[in-house]
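Residue strings, one per chain:
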Amino acid sequence: MWQVTGELSALDARRQWLVQRHAALLAALRVHRDAPSEIPVAASAGAPGIAPMGGSGAAVGASGRELSAPSARTALLIVGGVLVVVAALVFTVVSWGRLGIGGRAAVLLAVTACALALPRPLRRRQLAATAEASAAVGLALVLLDGYAARQAGLGGLDHVGTAGYWAVLTALTAVGAALYGWWQRLRLPLPVGFLMARLPGLLGTAALGGTTGDYATAVIATAAVDFAVLYALTARDAAGQAGFRERVGGERAATGLVTVARAVGGGWASLGGVLAVGYAVVAPSPTEVLRAWVPLGLLMLLGTALCRGFRTLPFALRAGGEGVAVVALIVAVGAGLRYVMPAGWAVVGYAAPAALLAAWAAASCARSGRWTKPATSGPTGGPAGEATDGPTGGPTGGPFAPPSRAAAAVGELVAASIALLLTSVVVVPELAHALIRPVVHGVVLWGGGHPPQWSWQLATAPLVVLWLSAAVLTVTAAQRARAVGDADRQSDRLANALRNAQALAAVPAVLLLPVALGLPYAWVLAAAALASVAVAVDVVRRPEAALLSRLLVLAATGALALLWSSADRTAVLTVWGTFAASAAVLAHVLSAPTSPPAVRTTARVAGAFAVLALGVEAVASGATAGLPGHVTAFAVLAVAVVAAGAAAAWHRIPGRGQVSTAVEGAGYALAAIALALTALHPDALSLALAVTGVAGLAVALRPDRRRAALVGTGLLIASSWVRLALAGVSAPEAYTLPITAAALVIGHRRRTSAPGTGSWPAYGAGLGATMLPGLAAMWSDENWVRPLLLGAAALLATVVGVRTRLQAPLIVGGGVLVLVGLHELAPTVVQVFGLLPRWVPVAAAGLLLLLLGATYEKRIDEARRLRDTVRSMT
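Residues numbered from 1 in each chain as written. Predicted model: local features only at pLDDT ≥ 70, side-chain atom pairs only at ≥ 80, totals over all residues. Heavy atoms only, no water.

This brings us to the overall build of the protein chain. Tallying secondary structure elements over the protein chain gives 33 helices and zero strands in all. Pairs at least 24 apart in sequence give 67% of the contacts found in the protein chain among residues at least 6 apart. For the protein chain, the exposed surface amounts to about 46,300 Å²; the carbon and sulfur share of it is 70%. (Helix = DSSP H or I, 4+ residues; strand = E, 2+ residues; numbered from the N terminus. Contact = heavy atoms within 4.5 Å. Areas by Shrake-Rupley, 256 points an atom, 1.4 Å probe, with all protein chains shown as cover.)

With 20 residues, helix α30 (residues 785-804) should cover 28 Å at 1.5 Å per step; its first-to-last C-alpha distance of 28 Å lies within 8% of that length. Those residues of α30 lying buried are R786, P787, L790, G791, A794, A797, T798 and G801. Mapping the buried residues of α30 onto a view down its axis gives an arc of 125°, with all of them on the same face. Exposed and oriented more than 90 degrees from the buried face of α30 are L789, L796 and R803. Immediately beyond the C-terminal end of α30, within one or two residues, lies R805, with a positive phi of roughly 55°. (Expected span 1.5 Å × (residues − 1). Buried < 20%, exposed > 50% of the residue type's maximum accessible area, 1.4 Å probe, protein only. Arc of directions from axis to C-beta.)

To continue, consider the packing of aromatic side chains. Per the counting criterion, the structure on display carries seven aromatic pairs. On the basis of an interplanar angle of 40° and a centroid distance of 6.2 Å, the ring pair of W454 and W456 is categorised as tilted. Judged by centre distance (6.1 Å) and plane angle (50°), the rings of W456 and Y521 are tilted. Taken together, the positions of W456 in the loop between α16 (406-446) and α17 (460-484) and Y521 in helix α20 (residues 521-541) put the pair 65 residues apart, joining distant regions of the chain. Cluster of aromatic residues (ring-pair linked, three or more members): W454, W456, Y521 and W564. Here R120 stacks its cationic end above the ring of W183, 5.1 Å away from the centre of that ring. Over the face of the ring belonging to W268 we find R198, whose NZ or CZ atom lies 5.7 Å from the ring centre. (Phe/Tyr/Trp six-rings, centres within 6.5 Å; stacked < 30°, edge-to-face > 60°. Lys NZ or Arg CZ within 6 Å of the ring centre and 35° of its normal.)

This next bit is on the packing of helix α8 (residues 189-196) against helix α12 (residues 251-281). Following both chains from N to C, one finds α8 and α12 inclined at 5°, their axes separated by 11 Å at the closest point. As the angle between them shows, α8 and α12 are arranged roughly parallel. Of α12, the residues touching α8 (which contributes L190, P191, F194 and L195) are L257, A261 and V264. Classifying every residue of the contact of α8 with α12 by side-chain character gives seven nonpolar, no polar and no charged. (Axes fitted to C-alpha atoms, helices over the stretch in contact; angles between N-to-C directions. Parallel < 35°, antiparallel > 145°, perpendicular 65-115°, else oblique. Nonpolar A, V, L, I, M, F, W, Y, C, P; charged D, E, K, R; others polar.)

With that settled, the discussion passes to the environment of G213. The residue G213 is located in helix α10 (residues 212-234) in this model. The spatial distance from the C-alpha of G213 to the C-alpha of V277 is 9.0 Å, given a sequence separation of 64 residues.

Within the structure shown, the criterion is met by eleven salt bridges. Across the salt bridge formed by R198 and D226, the nearest N and O atoms sit 2.3 Å from each other. Remark: D226 occurs in helix α10 and R198 occurs in helix α9 (residues 198-207); sequence separation between them is 28 residues. Of the residues examined, R198 reaches a relative accessible area of 7% and is grouped as buried. When salt bridges with common partners are traced through the structure, they connect E664, R702, D704 and R705 into a single cluster. (Salt bridge = Lys/Arg side-chain N within 4 Å of Asp/Glu carboxyl O.)

Our focus in this paragraph is a nonpolar patch on the surface. There is a patch of nonpolar side chains on the surface, built from W467, V510, L513, L517, L519 and W523 and spanning about 610 Å² of accessible area. Summarising the element assignment, V510 is placed in helix α18 (residues 493-511). Exposure remark for V510: the relative accessible area of 45% places this residue in the partly exposed category. (Patch = residues over 30% accessible without salt bridge, like charges linked within 9 Å, V, L, I, M, F, W, Y side chains within 5 Å.)

Given a rise of 1.5 Å per residue, 21 residues ought to cover 30 Å, and the 29 Å separating the end C-alpha atoms of helix α28 (residues 733-753) matches this to within 8%. Looking at α28, one finds that the buried residues are E733, T736, T740 and G747. Projected down its long axis, α28 carries its buried residues within an arc of 60°, all on one side. In α28, those exposed residues whose orientation departs by more than 90 degrees from the buried face are A734, P738, I746, R749, T752 and S753. Close packing links the buried residues of α28 with α27 (708-726), α29 (759-778) and α30.

Phi at R805 is positive, roughly 55°, even though this residue is not glycine. Counting through the fold element by element, R805 comes out in the loop between α30 and α31 (807-835).

We now examine the nonpolar core. Ranked by internal contacts, the top residues of the largest apolar core, which has 83 residues, are W456, L458, L512, W564 and V663. Ranked by the residues each element gives to this core, the list is headed by helix α22 (residues 569-590), at nine residues. Residue contacts for W456: discarding those within four places in its chain leaves A434, R437, P438, V515, Y521, V524 and W564. Among the nonpolar cores identified, the runner-up in size contains 32 residues, and F194, V248, F310 and A328 belong to it. (Core = buried A, V, L, I, M, F, W, Y, C linked by side-chain atoms within 4.5 Å.)

Moving on, we get to the side chain of S364. Relative to the elements of secondary structure, S364 occurs in helix α15 (residues 346-368). Beyond its immediate stretch of four places on either side in the chain, S364 contacts A409 and E412.

Before going further, it helps to spend a moment on the side chain of H823. Tracing the backbone through its elements, the reader meets H823 in helix α31. Polar side-chain contacts of H823 include one of 3.0 Å to the side chain of E824. (Polar contact = N/O pair within 3.5 Å; in protein donor to acceptor, adjacent residues only side chain to side chain.)

The contact between α12 and helix α13 (residues 286-309) brings their axes to 9 Å, and the two run at 155°. The orientation of α12 relative to α13 falls into the category roughly antiparallel. In this structure, α12 crosses over α13, and the sense of that crossing is left-handed. Of the residues in α13, those in contact with A269, G273, A276, V277, Y279 and A280 of α12 are E288, R291, A292, P295, L296, L299 and L302. Of the residues belonging to the contact of α12 with α13, the class tally is ten nonpolar, one polar and two charged. (Left-handed = near helix turned anticlockwise from the far one by under 90°.)

Right, let's get into the confidence of the model for the protein chain. Looking at the protein chain, pLDDT values average 80 and 83% of them are 70 or higher. Taking the mean pLDDT of every element in the protein chain, the minimum, 40, falls on helix α2 (residues 55-64) and the maximum, 93, on helix α19 (residues 513-516). Confidence over residues 35-70 falls short of pLDDT 50; this stretch has 22 contacts with residues more than four positions distant or in other chains. Here residues 373-402 is a poorly scored stretch, pLDDT under 50, and it has 50 contacts once near neighbours within four places are set aside; other chains count. (pLDDT = per-residue confidence, 0-100.)

Moving on: the environment of G821. Relative to the helices and strands, G821 is located in helix α31. Taking the C-alpha atoms as reference, G821 lies 7.9 Å from G791; in sequence the two are 30 residues apart.

The structure is reproduced here in structure tokens:
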């Protein structure tokens, strides 16, 4: 019996396929029969430029035409139809009064009847395009007949309102055009009637003097009729769909018509939804809200019907229909609650239903399988041996597709989330004001002014909206995590994104709660600081569990605590100091050699932050004590020195090199800030340079930081220069020459003992110690002795550098020599340019550019050889 049953099922399936194939072939034959035939082009052998048909000449002739025969025919038909309509319009407007009532009716009705009756005989003669043009002219004449009848007052039509009359006329014409096209098997009348159906609702509403809500109702009702007609035409069996394709002119025409109908209907429904939502949101009274519920309710019914009843629609369109219904429900409830809730809580009336629907939709997504990953045992990625339901409700048998009920869940989730996001945007200004209120007071406090008394307040409604958003994110993240399972929870991008968003939304929601409750500033700040420290402790105890989300919470709570502490000097010292200690502990614990790369990166950031926080602590301590900036700079410099020592200590511990580098870099940044603070006070600058130079020499004691000796020496030399300038010394060479001699001797001995030492560590500091101060003094010295001696020393250094192939003497000596030459030649050059005509410098510059352009490649090669030669030096 089971074998017989299987054979019968196979025969039924085969019969169904043959019926579909028969209908498709029959429709193709009818389309081929109705297709316009090619207009033969008579080729004359004697006509120039026209080759006879066949052979290569036909190909040449065809390629020479710029317009094909069907295109030319279509253009002629369009132009002819437009001219006929224009002639009829002119006849109606200008020549109408010359005929009696009988003549008028007879002429227009006769022409219209002829235009509408011609398509059938034309189609029998395979003149399909001409039939379409005749039908288009006939439909235009129908509207012209209606206009003429009203203008002539036929049957008292001139007493009917304009909008009402045209509403009835366009409705009858739209229905008639669609039925006429279906009956005559024409392509054009169907879309014309569909598009003309937009007008009756709008014109009828205008005739009745409707409001914005009435227009929204009319537009949504029109969209509902559109989708009802589309459902009646497409939601049929195979034979019915084949007949539909045959009626409209083939598969391609049917697909295009359905696509256009979906787009126009969806756009019209969206327009009505926008009008309805806008009318409900700004409704001035409860009565107007009740009137706004009519289009919103109609929109809800339409969206629900599209999603749950119209299974042949694409998944995106069905989900969009459910989303539109959800938005309409949210706006309807929110508009009603606006007149029930207290003042200032209107936004909560919209946010509460949006949050509830979003949470419900998230659970529905998890239940419907939308978030369930498919099994990969089948060949196409879907469950092996099982077909899933696609967006149209039928089996796909291919890659994983969501079940049919998933469209409603996705549409609800997206729409409710967007609505909740929009309500959150509305309260963002109030939340932002509450978040930065202490910062505004702190700017005035630390700017040296006298800040007035201030209060920190926040209304409850914005915080409720924020809590609703955080709750929805929590529910959605939990549903997504449960759907993907424990194995894929860490690698799932959506689950991670939801968890991170939930963490970021929860931080201001929790920290602003004490503000909304009216607690004092100290309590709010203490809560934020304790929350940050608690998260840091949790990261230390469990460094690998959901690290990114907890780091986001740590960063958010820490940033808010630091910003809020700016409103009080004591709070700044306490919070920054506490966070510096916490960051140091966090860096030390997380930088263990066994920690994963992400945890070690966190350790580096924590170490750098600890140093920078101590720097801020030093600046705040100096400002609180009333010290000037150049004195406070030494406290910052002390932090930088301590950071260098801590980096060296960390470097000795195996596996802590990256944290050591981060701490050291932050210390260097603080040292630069300290030097900048003393820039306007030369005495403090000289001392700061000296301290920094000594610290640099101390850093150079590390085997991997030998180059720091060069920086430290340079800073000490710069300190000596500043000190000499303060002492008013006009001849710095007397003080710098001994240093230069000692430095050159030490550098020579170092190169002798360590042949691999470069010329810059050996001779750079010694050469610069004398030449650079002498060069600075030369520009203010009018005597010729210093330029002569300095130029001779620079020339000697240059020659030695060339002979010994050393970079430092060559570059320093050459640079100083060029500057000395410019100093000596500058007055003469100025005098010469003053004596020459003005066109001579311009001409010389042009000739120089021409010469450089002509020998460009050669000069580039010479510059490259010079660069390579200098690089090869030690």
